[in-house]
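Secondary and tertiary structure notes
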Amino acid sequence: MNDRTSALDSVVFGVDIQSGDIRGDSPSYALVVLDTRDTESDEVRIERDVVSFRKLRRLIERDEPRVVATDNMYELATDKDDLVRFLRWLPHGTQLVQVTGAERPEPLSRVASRHGVPYGKDPMKEAEAAARLALGNVGYEVAAFENTTTVKVSRGRSTGKGGWSQDRYTRRIHGSVKQQAREVESALKEANLDYERDVTEKYGGYSQALFTVEARPEDIPVSTHRSGDTRVEIERERRDGIEFEPLVKRRDRVIVGIDPGTTTAVAVVGLDGRVLDVHSTRTADTAAVIEWLIERGRPSLVAADVQPMPETVEKFRRSFDAAGWAPASDIPVDEKLHRTREVDYENDHERDALAAALFAFDDHEDQFERISRKVPADVDREEVIARVLTSEESVEAVLREMDDDADDGGDDADDESHEEPELTPEEREIRELRSRVERLESHVEDLKSTIEEKDETIEEYKDELSDARREERREARERREVTRLERENGRLERKVESLESDKAELADKLDQLKSLWKLDHSNFADVNTDGSLVPVKIVEQFTNGALDHTVEEYGIAAGDVVYLRDASGAGRTTAERLAEFDPKVVLRSGNLSEVADEVLFEADVPAAPADGVTIQEIDELAVAKESEVESAISDWEDRAEERQKEQREEMVDQIISEHRAENRRG
């Protein structure tokens, strides 16, 4: 089987700028057409011409080539937007291929040399080289559209501005759109294509129907057209930017992981460690699995996830003449899960196949890098890696073999001119021994490099172990400290609970003490053992509200000592209410109003300043010395007697004045 499948039964256009520039006026192109259609032999029909850009487009429209190949896609477009327009214009079955690579293309001369394609600096030679490379499926398709296509069925005529038959005309158009949409949907169903439908219903049918189809335009059995009342438009969905897709994947060397059994799973990983594809099946036979793998690459390494390698995996390895890999012992499930954590798979079989391929890559990654450093730029790195894996020879020996193969592929004249003399058995043995020595020396170098890497890895593990031990000791100290703090916290919580209990008991005792201070005179005598104190009922302000509060909290009984902390502002009603309690004395801070003073005086309730009495307060409770209270009452009585005397004198003076006034009138 060939390494690469050519574009059989197709037409390939190779183009290269001949003169001018696509950004200027009238550029010309060297065009080489390779036609493999209707050829019974391996010969390819070749046509060469120099054409304008307009003629090139006409030829592409006429012949609809399978590929338009170039070494630089911007020879056909001025910028990215222009390139997208060019790709949209291309016939559905035509690909634009850049044979020199993707985002960072190589020189065309290097690519042609690597693949054995004739090359010359003349534009016509470059166009032919591009065409031959594309014919051999070398290069990347330049893509700007998804494999999703929108089929739009809409009105082919305007419904007009009105008229006596406007409704009938509109209904007919919308009915035609609906009928056309049904025909399109029927065609999509017959082709077994997945699609989504979105219709806009209008009077008499549809004004528009959109079908989003999971397929390329060339795979859809519907074409763009306009017919009478309807039109059908087909357009591929645009990608976010320009992307590059390799023409074929199977020319690449790959690592294959296989998990055999009732369900066979296979995974394909590139030599750079990228997961390319994964697949599982319960029905496909070995031949079908091999065909699936061939479509995705050339296996250079076949891997299993168990030791020893299963016979089924060994058969696959022999089928591809590839190297084999199996772990030293069965790979644990947790390691498989960790290694495949960033890859999507559908079942455990696919996970195991992926793990086998990825672990095989990990085991050979350093070897791949060493080989890559030794391979010249113009030599296929993957081919060298594959030969080293399968032949177990040194890189130098493989490179010499590849050079010998290239020399053997020259023409007969070169073979005759460079023919070596026949070697004697001793000389052949010496050559073989030298080759073996070179292989062994290379192998020794690889082993030394591996040992150095292993030693570095061991040192790294030692450092990590030391760091882990330090971290463990630190965590142990933290755990001990946390335990100590938790015990201390528990002790403090118990102490807080005890203090709160003591606080509650003290609060109860305080309430009891307050109750004692709220006792009436008879009960107060039990507390006042020496008889020198009297309880004082405090009223914050001489208002009805303050009186209500004091009465509610402590009560005011006849004979109580009442202290008005603010005596101002009381009216007749408040004063009369206080007088009804018949207190022993009213001590006041501030002056009473004339009305209040008059009411208390008439009720014979002593009202004296509090300045002369020492009042001791404990929270809401208060006491005063009885002697000072009696003194204040005595002072009030003296003032009351003087006041009564003055009132009597005023009354006599008034009577005399009234009597004299009557005598004068008489």
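These numbers were taken from a predicted model, which means no experiment stands behind them. (Residues numbered from 1 in each chain as written. Predicted model: local features only at pLDDT ≥ 70, side-chain atom pairs only at ≥ 80, totals over all residues. Heavy atoms only, no water.)

Topic: the overall build of the protein chain
For clarity, the cut-off: Helix and strand definitions here come from DSSP, where helices need a minimum of 4 consecutive H or I residues and strands a minimum of 2 consecutive E residues; each element is numbered from the N-terminal end. Only protein chains enter the accessibility calculation, which uses a 1.4 Å probe. A residue is then buried if its area is under 20% of the maximum for its type, exposed if over 50%, and partly exposed in between. Contacts between residues were defined by any pair of non-hydrogen atoms, one from each residue, lying within 4.5 Å. Each accessible area value is a Shrake-Rupley result obtained with a 1.4 Å probe; residue values ignore everything except the protein chains displayed when judging cover.
Summing up its helical and strand segments, the protein chain has 18 helices and 21 strands in all. A buried classification covers 38% of the 666 residues belonging to the protein chain. Long-range pairs, those at least 24 residues apart, make up 63% of the contacts in the protein chain between residues at least 6 apart in sequence. Looking at the protein chain as shown, the accessible area adds up to about 40000 Å², and 44% of this sits on carbon and sulfur atoms.

Details of the environment of Val 613
Positionally, Val 613 belongs in the loop between β19 (607–609) and β20 (615–618). Of the residues examined, Val 613 reaches a relative accessible area of 6% and is grouped as buried. The residues contacting Val 613, other than those within four sequence positions of it, are Leu 587, Ala 624, Glu 628, Val 629 and Ala 632.

Thoughts on the side chain of Lys 336
To keep it simple, the criterion reads: We define a polar contact as two N or O atoms separated by no more than 3.5 Å, with the added condition that, inside protein, one atom must be a possible hydrogen donor and the other a possible acceptor, whereas residues neighbouring each other in sequence contribute only through side-chain atom pairs.
Inspection of the secondary structure assignment puts Lys 336 in helix α8 (residues 333–339). Relative accessible area serves as the criterion here: at 6%, Lys 336 is assigned to the buried category. Engagement of the side chain of Lys 336 in a polar contact is seen with the side chain of Asp 352, the distance being 3.2 Å. If we ignore the near neighbours within four places in the chain, the residues touching Lys 336 are Asp 305, Ile 331, Arg 351, Asp 352 and Ala 355.

Notes on unusual backbone geometry
The bulk of non-glycine residues show a negative phi, and the bulk of peptide bonds are trans. Put simply, Gln 307 and Pro 308 share a cis peptide bond, and its omega is 0 degrees. Within the fold, Pro 308 resides in the loop between β14 (298–303) and α7 (311–320). Phi at Glu 64 takes a positive value of approximately 45 degrees, unusual for a residue other than glycine. Of note, Glu 64 is situated in the loop between α1 (53–63) and β4 (67–70). With a phi close to 60 degrees, Asp 604 is a non-glycine residue in the positive phi region. For Asp 604, the location among the structural elements is in the loop between α17 (594–602) and β19.

Re the packing of helix α9 (residues 348–374) against helix α10 (residues 381–391)
In plain terms, the rule: For helices, the fitted axis covers only the stretch in contact; all axes are lines through C-alpha atoms, and the angles between them, taken along N-to-C directions, range from 0 to 180 degrees. By definition in this entry, angles of less than 35 degrees are roughly parallel, angles greater than 145 are roughly antiparallel, angles of 65 to 115 are roughly perpendicular, and the rest are oblique. Two helices cross in a left-handed way if the nearer one is turned anticlockwise from the farther one by less than a right angle. They cross in a right-handed way if the turn is clockwise. Here the term charged refers only to Asp, Glu, Lys and Arg, the term nonpolar to Ala, Val, Leu, Ile, Met, Phe, Trp, Tyr, Cys and Pro, and the term polar to all other amino acids, Gly among them.
With their axes 10 Å apart at the nearest point, α9 and α10 run at an angle of 125 degrees to one another. With respect to each other, α9 and α10 are oriented oblique. Every pair of crossing elements has a handedness; the one defined by α9 and α10 is right-handed. Contacts between α9 and α10 pair His 364, Gln 367, Phe 368, Ile 371 and Ser 372 from the former with Arg 381, Val 384, Ile 385, Val 388 and Leu 389 from the latter. When its residues are assigned to classes, the contact of α9 with α10 shows six nonpolar, three polar and one charged.

Considering the nonpolar core
Under the convention used in this document: Definition of nonpolar core: a set of buried residues of the types Ala, Val, Leu, Ile, Met, Phe, Trp, Tyr and Cys, connected through side-chain atoms within 4.5 Å.
Formed by 28 residues in total, the largest nonpolar core has its most connected members in Phe 13, Leu 56, Leu 76, Leu 87 and Leu 96. When residues of this core are traced back to their parent elements, those giving at least two are β1 (11–19), β2 (28–35), α1, α2 (80–89), β6 (140–155) and β10 (230–246). Setting aside anything within four residues of it in sequence, one finds Leu 87 in contact with Leu 96, Val 142, Ala 143, Ala 144, Phe 145 and Ile 242. Among the nonpolar cores identified, the runner-up in size contains 26 residues, and Ile 255, Leu 301, Ala 356 and Leu 399 belong to it.

Here's the deal with the side chain of Ser 394
Mapping Ser 394 onto the fold places it in the loop between α10 and α11 (395–408). In this structure Ser 394 comes out as buried when scored by relative accessible area, which is 5%. Within the structure, Ser 394 has its side chain in polar contact with the backbone nitrogen of Ala 397 (distance 3.1 Å).

Examining the environment of Gly 175
Mapped onto the elements, Gly 175 comes out in helix α5 (residues 166–190). Residues Gly 175 and Arg 155 lie 20 residues apart in sequence; the distance between their C-alpha atoms is 9.9 Å. Ignoring sequence-local partners within four residues, the contact set of Gly 175 consists of Gly 204 and Gly 205.

A closer look at the packing of helix α15 (residues 544–553) against helix α16 (residues 572–580)
In contact at an axis separation of 10 Å, α15 and α16 are set at 25 degrees when each is read in the N-to-C sense. In terms of orientation, α15 and α16 fall into the roughly parallel class. Packed against α15, whose contacting residues are Asn 544, Leu 547 and Asp 548, the element α16 presents Thr 574, Arg 577 and Leu 578 at the interface. In terms of residue class, the contact of α15 with α16 is made up of two nonpolar, two polar and two charged.

Looking at the environment of Asn 72
Examined against the element boundaries, Asn 72 turns out to sit in the loop between β4 and α2. The exposure class of Asn 72 is partly exposed, given its relative accessible area of 33%. Once the C-alpha coordinates of Asn 72 and Ile 17 are considered, the two residues, 55 residues apart in sequence, prove to be 9.5 Å apart.

Quick word on the pairing of strand β13 (residues 275–281)
Definition in use: We call two strands paired when DSSP finds no fewer than two bridges between them.
Two elements, strand β12 (residues 264–270) and β13, share six bridges in a ladder whose sense is antiparallel. The residue of β13 that forms the bridge with Ala 267 is Val 278. Here β12 folds back onto β13 in antiparallel fashion, the turn holding four residues, of which Gly 273 has a positive phi close to 90 degrees.

Remarks on the sheet that holds strand β15 (residues 323–325)
Judged by pairing direction, the sheet is mixed, and its five strands sit side by side in the order β13-β12-β11-β14-β15 without closing on themselves. The sheet terminates laterally at β13 and β15, the two strands that pair on one side only. Going from strand to strand, the sheet's axes swing by 25 degrees on average, the running direction of each strand aside. Examined bridge by bridge, strand β11 (residues 253–259) and β12 share six bridges and lie antiparallel to one another. Following the sheet pairing, Gly 257 is matched in β12 by Ala 267. Packed on one face of the sheet, α9 meets β11, β12, β13, β14 and β15 and runs near 140 degrees to β11. Sheet contacts for α10: β11, β14 and β15; angle to β14, the most-contacted strand, approximately 40 degrees.

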